[in-house]
Amino acid sequence: MGEYKYMYQSLRDVSYVFDDLIDYMGSIIVEENDLGEVANVSQQHPDPVICVGRICCEAADARLNSKSVLLQGSVSSSKGGTTSLDVSEVANYALFPGQVVAVRGSNPTGKIINVSEIYYPKVESPMSLKPSADKGILQMVVACGPFHIGDSLNFSPLEDFLKYVVNSKPQLCLLLGPIISARKLNANNWPSNLTFKEELDRVVNLIDLKLGESETKVYIVASSMECSETPVYPTPPFRVPSKNISVVSDPVKMRIEDLKVNLTSSDIFRHLTDQEIKYGGTYASREERILQYLLEQKSMYPLYPPSLHMNIDYVQWENYARIEETPHIIVLPSDYKGFIKAVNGILFVNPERLVKNDSGGTFARIAVDMNAEDVSSQITAEIVYI
């Protein structure tokens, strides 16, 4: 992903993106569950029918609840109409704004669908690796920013982390931005005589100085929260004064031989946690439920409207934030406590933050046996305190 012109999307462009999304995801749900013909969401249907659409909240600036659930249909199936959902008779559900689902229910008045069942997309398992005796163990470390303490430019936790990388010699070092957080440092409290970009380059030079001579490949994942960059998502890579360090977009899909790794700098885990509603069900944990959303909706950021901290270009979102191929590993940092979870054969890693509460935090270390065909059983990961 390269630089692109942002803020050029029109409301029509955004509506086309979501209309295509409803049709695409809806067709998958209907086919997987053999649901048959899809009805118009806002027409009268005295008998139960199948309707497909996107979950919305009745009030755009309010939090979703069981009384405010709407279903927006596509232009092709429902002329873009929207209808309220009565989910009081559904045995269990887990919903969030932006989620595409199918529902079975009656709509005797044309104004509200009395839902009896909700259908979700099924999750595909990741492809097996091609076994080879020459691949060995892939070692990677993942740290998430910001990398400075509080509202200062003290990068001592980052320096400690770089010493760890030098000593442990992993093949990959993945640094998820922001390096310098725009939420903690801005023009009002900037403590340096250097510009935002000059200070960012100084930190990149520090990383290059520590790791430039090693065999570890270093990747920085851009962030819309980076103080010197444009706050837009998907976030294009920025330029750095080093040939040894590669900067990639947010989100990014990396492929290491046959191993597929998706990464994002956005805190989609927290954003979904803040907006979802659930009732009943046998979910093993909140983490597994939230992570399941990403896999079901085939997106690294399926929430709409997004968090107030996210400025999303939806034309680019459609191009770069979709999950076309099921990855083996997904890394998504969050302010929530770090975790490592396997969901449907995919390993999710939240390394938490390298700096937490004005001191050293945590990072993740991941080892993958590249000789194994079944990767899900041959990945080991741990959260390490700095």
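Predicted, not measured: the structure shown is a model, and the values here were computed from it.

**Student:** Please give an account of the pairing of strand β3 (residues 82–86) that cites residues and values.
**Tutor:** As paired elements, strand β2 (residues 69–72) and β3 share three bridges and run antiparallel to each other. Note on β3: the bridge partner recorded for Leu-70 is Ser-84. Bridge analysis of β3 against strand β6 (residues 112–119) gives three bridges, and the strand direction is parallel. Considered in β6, the bridge of Asp-86 is made with Asn-114.

**Student:** Quick one: what's the story with the pairing of strand β11 (residues 252–256), residue by residue and with numbers?
**Tutor:** Judged by which residues are buried, β11 turns out to be one-sided: Val-252, Met-254 and Ile-256 face inward and are buried, whereas Lys-253 and Arg-255, on the alternate face, are not. Pairing of β11 with strand β12 (residues 259–263), which is carried by five bridges, proceeds in the antiparallel orientation. Paired with Arg-255 across the strands is Lys-260, a residue of β12. The hairpin formed by β11 and β12 contains two residues between the paired strands, and Glu-257 there has a positive phi angle of roughly 55°.

**Student:** Before we move on, could you go through the sheet that holds strand β5 (residues 100–107) and cite the residues and values that matter?
**Tutor:** Pairing is mixed around the closed barrel formed by five strands, whose spatial order is β1-β2-β3-β6-β5. Between one strand and the next, the sheet's axes are offset by a mean angle of 55°, whatever the strand orientation. Along the sheet, helix α1 (residues 11–33) contacts β1 (45–57), β2, β5 and β6; its crossing angle with β5, the most-contacted strand, is approximately 75°.

**Student:** So what's going on with unusual backbone geometry? Residues and values would help.
**Tutor:** Across residues other than glycine, the phi torsion is negative in most instances, and most of the peptide bonds are trans. The linkage connecting Gly-145 with the following residue, Pro-146, adopts the cis geometry, with an omega of 5°. A cis amide bond links Gly-177 to the next residue, Pro-178, at an omega of 10°. Examined against the element boundaries, Pro-178 turns out to sit in the loop between β8 (172–176) and α4 (196–211). Notably, Lys-169 is not glycine yet its phi reads approximately 55°, a positive angle. Along the chain, Lys-169 falls in the loop between α3 (156–168) and β8. The phi dihedral of Lys-298 is positive, around 55°, even though this residue is not glycine. Here Lys-298 is to be found in the loop between α6 (286–297) and α7 (314–320). On the accessibility criterion, Lys-298 (11% relative accessible area) is buried.

**Student:** Hey, could you go over the pattern of salt bridges for me, with residue numbers and the actual values?
**Tutor:** Summed over all chains, the structure comprises nine salt bridges. One connected set of salt bridges, linked through shared partners, spans Asp-267, Arg-270, Asp-335 and Arg-353.

**Student:** Just give me the short version of the side chain of Thr-326, but keep the residues and values in it.
**Tutor:** Position of Thr-326 relative to the elements: it lies in the loop between α7 and β14 (329–331). In this structure the side chain of Thr-326 is engaged in a polar contact, spanning 3.3 Å, whose partner is the backbone oxygen of Glu-124. Sequence-distant contacts of Thr-326, defined by excluding residues within four places in its chain, comprise Glu-124, Ser-125, Pro-126, Lys-260 and Ile-346.

**Student:** Pulling in residues and values, what's your account of the sheet that holds strand β20 (residues 379–385)?
**Tutor:** Taking strand neighbours across the sheet as the criterion, the six strands line up as β10-β9-β8-β7-β19-β20 in an open arrangement whose pairing is mixed. In this open sheet, the two edge strands, each paired with only one partner strand, are β10 (245–248) and β20. Looking at each pair of strands side by side, their axes are set apart by 20° on average, direction ignored. Both strand β19 (residues 362–369) and β20 contribute to a ladder of seven bridges, which runs antiparallel.

**Student:** Could you give me a rundown of the environment of Thr-195, with the residues and numbers involved?
**Tutor:** When you line up the elements, Thr-195 lands in the loop between β8 and α4. Judged by relative accessible area, Thr-195 falls into the partly exposed class, the value being 43%. Considered as a pair, Thr-195 and Ser-228 are 33 residues apart in the sequence and their alpha carbons are 8.3 Å apart.

**Student:** So what about the side chain of Ser-242? Which residues, and what values?
**Tutor:** Topologically, Ser-242 is positioned in the loop between β9 (217–221) and β10. Ser-242 gets classed as buried once you look at its relative accessible area, which sits at 10%. Polar contacts involving the side chain of Ser-242 include one to the side chain of Asp-208, which spans 3.1 Å. A polar contact of 3.1 Å, which involves the side chain of Ser-242, links it to the backbone nitrogen of Asn-244. Once you skip the residues sitting within four places of it in the chain, Ser-242 turns out to touch Val-204 and Asp-208.

**Student:** Could you give an account of the layout of surface pockets, naming the residues involved and the relevant values?
**Tutor:** In this model, the largest pocket occupies a volume close to 1,100 Å³. Along the walls of the largest pocket sit 42 residues, with Arg-183, His-271, Ser-307, Leu-308 and His-309 positioned nearest its centre. For the lining of the largest pocket, the elements supplying multiple residues, two or more each, are β1, α5 (268–275) and β17 (355–356). With four residues, the single largest contributor to the lining of the largest pocket is α5.

**Student:** Provide a residue-level description of the nonpolar core, including the pertinent values.
**Tutor:** Within the largest apolar cluster, 42 residues are counted, with the highest numbers of intra-cluster contacts made by Tyr-233, Leu-272, Tyr-301, Trp-317, Ile-330, Leu-332 and Phe-348. Listed by contribution, the elements that provide at least two residues to this core are α1, β1, β5, α5, α6, α7, β15 (339–343) and β16 (346–350). Ranked by residues supplied to this core, first place goes to α1 with nine residues. Apart from residues lying up to four places away in sequence, Leu-272 is in contact with Phe-96, Ile-290, Tyr-293, Leu-294, Pro-302 and Leu-303. Core analysis: the second largest hydrophobic core is formed by 31 residues, Phe-161, Ile-179, Val-203 and Ile-245 among them.

Cut-offs and rules
- Residues numbered from 1 in each chain as written.
- Predicted model: local features only at pLDDT ≥ 70, side-chain atom pairs only at ≥ 80, totals over all residues.
- Heavy atoms only, no water.
- Pairing = 2+ DSSP bridges.
- Helix = DSSP H or I, 4+ residues; strand = E, 2+ residues; numbered from the N terminus.
- Buried < 20%, exposed > 50% of the residue type's maximum accessible area, 1.4 Å probe, protein only.
- Axes fitted to C-alpha atoms, helices over the stretch in contact; angles between N-to-C directions.
- Contact = heavy atoms within 4.5 Å.
- Salt bridge = Lys/Arg side-chain N within 4 Å of Asp/Glu carboxyl O.
- Polar contact = N/O pair within 3.5 Å; in protein donor to acceptor, adjacent residues only side chain to side chain.
- 1 Å grid on protein atoms, 1.4 Å probe; cavity = no way out; pocket = protein on both sides within 12 Å on 5 of 7 lines; lining within 4 Å.
- Points joined across faces, edges and corners; volume = space filled by probe spheres on them.
- Core = buried A, V, L, I, M, F, W, Y, C linked by side-chain atoms within 4.5 Å.

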